[in-house]
Amino acid sequence: MKRIVVLILTLVLVITSAVALGEQVGPTIAEHVTRGTKMERLTEEPVTLTMWIDMTSHDVTDVVGDFQNMDILKAIEEKTGVRIELIVPPVGEAATNFSLMLTNRKYPDIIIGFDNMYSSGGDEAIEEGIILDLKDLVEQYMPNYQAARTASEYRMLNTITDEGTMPYICTLSYQDQSSITYGGPIIRQDVLDKLGLDMPVTFDDWHEYLTRAKDELGMTRGLGLANTGISKYNAFNAAFDFGMSDPAQGGVFYVKDGVVQYGPLSEGYKEYVTLMAQWYSEGLIDPDFTSTITFDDGVAMMSGNLCSATSEHSGVLDYVNSLGVAIDPDFKFVAAPTPVLNEGDQLHYGYIHGGAPITKSAAISTSCEDPVLAARLLDQLFTDEGFLLCNYGTEGKTYEIVDGVPVFTDLVTHNDKGTPTHMMTAYAAPISWPFVSVYGREDTDALAAYSEIWDSNNDYSYSFPSGVTLNAEEKEIYADYYGDIESYVQEMTVKFIMGLESIDQYDNFVQVLKDQGIEEVMSAYQTAYDRYMSR
């Protein structure tokens, strides 16, 4: 494989036109094929626009040679007359390159990922004269993007700032309503079968499963927690009425009755670490959990001694299972419902729910001599033709239309040069570009099946809206305090679970958090949340 797999895609894909994974917004995939709105010719004279983009995580030079050889750049120039000249900083030097660009005030026409690099936020960048407020350009020259961003209230809220500006053209998710759980608990179905057990529902059921797997089958790794002591996707702490692990929605914060909450301050956190400490002392938790960042990389998960963990969609599980059968021909991880304390309990927090992430993708700089052309160019990516080009590449090369929908060719799904994700970055749009993205460009039916299991007992009412934005002052508060808070929480969570610190010290733990400024950080998030709700 080209790299450790984070988003492995099976992509055997016949994507259906109706997706059970929540309602898609706007045209279905099949309708994008049949409507066929085309990309426009924007100029009769050759024009070049420069685009800065960090490709560190998506280096496809092994496939295309020079980045400038990417198929999508050639297609866009052929259809619109506009050549995109990529400015790609060397691997590992994006931050330095970006800072130098700001210092010299020499900006390319379009900057991809500006928000990731500029900590003060889009409104501040507009005030500083670095990028443009795109609101008027969108309304006057970007009808396709405007139609896409106004197709749901969720999109409208998350494509403007609290001040009502539009610093960015955003990447929109094809499925952007509720029921978009991205990951959850997984369990060894083959082990359940050997033990004659049903799928566990409660923590008592899980305790029986892990105990019997250890005692009867000699499985020594038990439950795989992440190295923070909190399972990814909140899979094993949601039952305790708190959340701590959702980078797409508030990070470690959640909302209860309109009030921003922080998990370690809740009684549920204390109950969680108490139970995990008991399980750890009984040998039911992977003894090496502190050395594993997540259990999504396949290598950590394929051990025959690991009973359960957390994982993402079907592509990752298919990959893990393909590795596992080399060790045990019966090896099979499957999705499991998020555990509850009592059968029938309703959970309120999970992972990436209440709307798929909307990415602040492309900014147009004040150095751009023709911002109208730049806006019109980006708008082409939101046509039907642009949708297919960005998500699937070139018809006849990377996909064929079968029964009215795109199906990837072997060039994508069975290529020795890398995973389907890698191939699609080379042959279609980089995932950081602005377009309506089919979530993960994967088999949405398979993802829906897993999501249905993970969603079965969760209403996600505590989810922190992904579009909440801290202003410059709030970001400064967060930067001043939260680094030390995060380190302390991770250290103490692990110590509580491993029995290195008595849970009797919990009150002291809370006081230290308050002394470190957690209440100030929560206040900043509360103010930002209140602004968002008033948009």
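Residues numbered from 1 in each chain as written. Predicted model: local features only at pLDDT ≥ 70, side-chain atom pairs only at ≥ 80, totals over all residues. Heavy atoms only, no water.

**Q** Account for the pattern of salt bridges, with residues named and values stated.
**A** For the coordinates displayed, the defined rule picks out 18 salt bridges. Measuring nitrogen to oxygen at the nearest pair gives 2.8 Å for the salt bridge that ties E216 to R212. Separated by 4 residues within a single helix, E216 and R212 lie in helix α11 (residues 203-217), roughly one turn from each other. You can call E216 partly exposed: its relative accessible area is 49%. The residue E491 makes a salt bridge to K495 at a minimum N-O spacing of 2.9 Å. Of this pair, E491 and K495 both sit in helix α19 (residues 472-498), 4 residues apart, which is roughly one turn of the helix. Classification of E491 by relative accessible area gives partly exposed; the value is 41%. Three or more residues are tied together by salt bridges with common partners; here these are D162, E474, R531 and R535. (Salt bridge = Lys/Arg side-chain N within 4 Å of Asp/Glu carboxyl O. Helix = DSSP H or I, 4+ residues; strand = E, 2+ residues; numbered from the N terminus. Buried < 20%, exposed > 50% of the residue type's maximum accessible area, 1.4 Å probe, protein only.)

**Q** So what about the confidence of the model for the chain? Which residues, and what values?
**A** Averaged over all residues, the pLDDT of the chain equals 86, while 86% of them reach at least 70. Predicted confidence for residues 1-23 stays below pLDDT 50, and this span has 83 contacts to residues more than four positions away or in other chains. (pLDDT = per-residue confidence, 0-100. Contact = heavy atoms within 4.5 Å.)

**Q** Hey, could you go over the nonpolar core for me, with residue numbers and the actual values?
**A** Among the nonpolar cores identified, the biggest contains 66 residues, and Y209, F253, Y262, Y272, M276, W279 and F509 are the most heavily contacted of them. Breaking this core down by element, the ones donating at least two residues are α10 (189-195), α11, β7 (253-256), β8 (259-262), α12 (267-281), α19, α20 (506-516) and α21 (518-533). Looking at this core element by element, the count peaks at 8 residues for α19. Residues contacting M276, with those up to four places away along its chain left out, are F203, L223, L225, I285 and I497. I76, F382, L388 and Y392 belong to the second-largest nonpolar core, a separate cluster that totals 62 residues. (Core = buried A, V, L, I, M, F, W, Y, C linked by side-chain atoms within 4.5 Å.)

**Q** Give me the pairing of strand β4 (residues 169-173): which residues, what numbers.
**A** Buried residues dominate β4, accounting for 5 of its 5 residues. As defined by bridge partners, β4 adjoins strand β11 (residues 359-364) across 3 bridges and the pair is classed as antiparallel. Following the sheet pairing, C170 is matched in β11 by K360. Sheet topology note: the β4/strand β14 (residues 436-437) ladder contains 2 bridges and is parallel. Among the inter-strand pairings, S173 is bridged to a residue of β14, identified as S437. (Pairing = 2+ DSSP bridges.)

**Q** So what's going on with the environment of S523? Residues and values would help.
**A** Checked against the element boundaries, S523 lands in helix α21. With 49 residues separating them along the chain, S523 and E474 place their C-alpha atoms 8.9 Å apart.

**Q** Just give me the short version of the layout of surface pockets, but keep the residues and values in it.
**A** Here the second largest pocket defines a volume of roughly 340 Å³. If you trace the second largest pocket, you find 18 residues lining it, with K79, E385, G393, E395 and Y399 closest to the centre. Elements that contribute at least two residues to the lining of the second largest pocket include exactly α1 (29-35), α3 (71-80), α15 (384-392) and β12 (399-402). The element that contributes the greatest number of residues to the lining of the second largest pocket is α3, accounting for 5 residues. Taken together, the residues of the lining of the second largest pocket break down into 6 nonpolar, 4 polar and 8 charged. (1 Å grid on protein atoms, 1.4 Å probe; cavity = no way out; pocket = protein on both sides within 12 Å on 5 of 7 lines; lining within 4 Å. Points joined across faces, edges and corners; volume = space filled by probe spheres on them. Nonpolar A, V, L, I, M, F, W, Y, C, P; charged D, E, K, R; others polar.)

**Q** Could you give an account of the environment of I72, naming the residues involved and the relevant values?
**A** In this structure, I72 sits in helix α3. The buried category is assigned to I72, whose relative accessible area is 0%. Expressed as a C-alpha distance, the spacing of I72 and L389, which sit 317 residues apart in the sequence, is 7.2 Å. Beyond its immediate chain neighbours, meaning those up to four positions away, I72 contacts L389, C390, A428, A429 and W433.

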